[in-house]
Amino acid sequence: MTNAIIDQLQDKMASSIEALKRELVKIRTGRASLSLLDGIKVNAYGSQMPMDQVGTLTIPENNMIAIKPWDPQLLPAIEKAILASGLGLTPQSDGNVVRLTIPPLTGERRKELVKQVKKIGEEYKVAIRNVRRDANESLKKLKKDKTISEDEMFRLQEEAQKVTDGYVSQVDEIAGGKEKEVMAV
């Protein structure tokens, strides 16, 4: 029972780390990345479809993304979806392919993105600490119900703290790597 609480704690924290990685991938670094288009939905055939399901996505140059729709009639819908996404990129179409040119980041914009990365990292650290708090509350409830002893509760809380510290340091490492990537010219 008590090991199940620690296992559940680790599972939730691991999923937080995965969510953090997905979140940070969406932050522009001045280089083209298909992950920038993750989450953008195109209004195609009366439903919202992910960008990668309406055409072929490629990176012909390190600062450009090309989208070749399988149905040329979807070009305006793709352009509209990109403009509405808030990426700050202007699509250029030649009638067959939509091109997104990723402009180089200014020093000021890099600093803004680093702040954003730090804020996201902090949010995920809070989420991880909340998972620890929930586990500690479960342990206190087990002690109150006399399912575990006080010593066992303290031992498990200490173990939960060690797990938490490991995951918080992973968040710092991942966010720090992304900050270096953003600041690299």
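Our subject is the structure listed above.
Note that this is a predicted model, so its numbers are computed, not measured.

Analysis parameters
Position numbers for residues start from 1 in each chain and track the written sequence from start to end. Where totals are concerned, whole chains, interfaces and linings use all residues; where local detail is concerned, this predicted model gives features only for residues with pLDDT of at least 70, and gives and counts side-chain atom pairs only at 80 or more. Excluding hydrogens and water, the side-chain values take into account all heavy atoms of the structure. For the purposes of this entry, the term helix denotes a DSSP run of H or I that reaches at least four residues, the term strand denotes a run of E that reaches at least two, and both are numbered from the N terminus. Per-residue accessibility takes into account occlusion by the displayed protein chains alone, with areas from the Shrake-Rupley method and a 1.4 Å probe. Only four residue types enter the tally: Lys and Arg on the positive side, Asp and Glu on the negative side; His and the chain ends are excluded. Each charge is placed at NZ for Lys, CZ for Arg, CG for Asp and CD for Glu. The term salt bridge refers to a side-chain nitrogen of Lys or Arg lying within 4 Å of a carboxyl oxygen of Asp or Glu. Here the term buried applies to any residue with accessible area under 20% of the maximum for its type, exposed to any over 50%, and partly exposed to those in between, with areas from a 1.4 Å probe on protein chains only. DSSP-based pairing: two strands are paired if at least 2 bridges between them are found. Throughout, an axis means a line fitted to C-alpha atoms (over the contacting stretch in the case of helices), and angles, computed between N-to-C directions, take values from 0 to 180 degrees. Put simply, a nonpolar core is a bunch of buried Ala, Val, Leu, Ile, Met, Phe, Trp, Tyr and Cys residues held in one set by side-chain atoms that sit within 4.5 Å of each other. In what follows, residue pairs with any heavy atoms lying within 4.5 Å of each other are defined as contacts. Here the angle decides the label: under 35 degrees means roughly parallel, over 145 means roughly antiparallel, 65 to 115 means roughly perpendicular, and every other value means oblique. Residues are grouped as follows: Ala, Val, Leu, Ile, Met, Phe, Trp, Tyr, Cys and Pro are nonpolar; Asp, Glu, Lys and Arg are charged; every other residue, Gly included, is polar.

Draft legend 1. Quick peek at the overall build of the protein chain. Looking only at helices and strands, the protein chain features four helices and six strands. Starting at the N terminus and walking to the C terminus, you meet the elements of the protein chain as α-β-β-β-β-α-β-β-α-α. Based on the C-alpha atoms only, the size of the protein chain along its principal axes is roughly 70 × 40 × 20 Å. For the protein chain, the accessible surface area stands at approximately 10,900 Å², while carbon and sulfur atoms represent 50% of it. With 29 positive and 27 negative side-chain charges, the protein chain shows a spacing of 3 Å between the two charge centroids.

Draft legend 2. Just the pattern of salt bridges, in detail. Evaluation of the coordinates by the stated rule reveals 13 salt bridges. R109 serves as the salt-bridge partner of E112, at 3.2 Å between the closest nitrogen and oxygen. Here R109 and E112 lie together in helix α3 (residues 107-144), a separation of three residues that amounts to about one turn. Judged by its relative accessible area of 31%, R109 is partly exposed. Each of the salt bridges in this network shares a partner with another, and the network as a whole consists of E122, K125, R129 and D172.

Draft legend 3. Quick peek at the sheet that holds strand β3 (residues 55-61). Spatially, β3-β4-β6-β5 is the arrangement adopted by the four strands of the open sheet, whose pairing is antiparallel. Of all the strands in the sheet, the pair left with one neighbour each is β3 and β5 (91-93). Strand-to-strand twist of the sheet, defined as the mean angle between neighbouring strand axes without regard to direction, takes the value 25°.

Draft legend 4. Geometry of the environment of A184. Within the secondary structure, A184 sits in the segment after α4 (150-183). The class of A184 is partly exposed, set by a relative accessible area of 37%. Note: C-alpha distance between A184 and Y167 (17 residues apart in sequence) is 26 Å.

Draft legend 5. Representation of the nonpolar core in the model. Judged by nonpolar contacts, the single largest core of 30 residues is most densely connected at L9, M13, I27 and I128. For this core, the secondary-structure elements that each account for two or more residues are α1 (2-25), α3 and α4. With 10 residues, the top contributor of residues to this core is α3. If sequence neighbours within four positions are ignored, I27 has contacts with L36, L113, Q116, V117, I120, K178 and V182.

Draft legend 6. Structural view of unusual backbone geometry. Notably, Y45 is not glycine yet its phi reads approximately 55°, a positive angle. Of note in the backbone geometry, K146 takes a positive phi value of approximately 60° without being a glycine. Looking at where K146 falls in the secondary structure, it is placed in the loop between α3 and α4. By relative accessible area, K146 is classed as exposed at 73%.

Draft legend 7. Region of the structure containing the pairing of strand β4 (residues 64-69). Among the six residues in β4, five count as buried, and that is most of the element. Here five bridges tie β3 to β4, and the two strands are oriented antiparallel to one another. In the sheet register, G55 faces β4, and the bridge partner there is P69. Relative to strand β6 (residues 98-101), β4 is paired through four bridges, and the arrangement is antiparallel. Among the inter-strand pairings, I67 is bridged to a residue of β6, identified as V98.

Draft legend 8. Inspection of the packing of α3 against α4 at higher detail. Across the interface, α3 lies against α4 with an axial gap of 9 Å and an inter-helix angle of 170°. When the axis of α3 is compared with that of α4, the two are roughly antiparallel. For the contact of α3 with α4, the class distribution of residues is 14 nonpolar, five polar and 12 charged.

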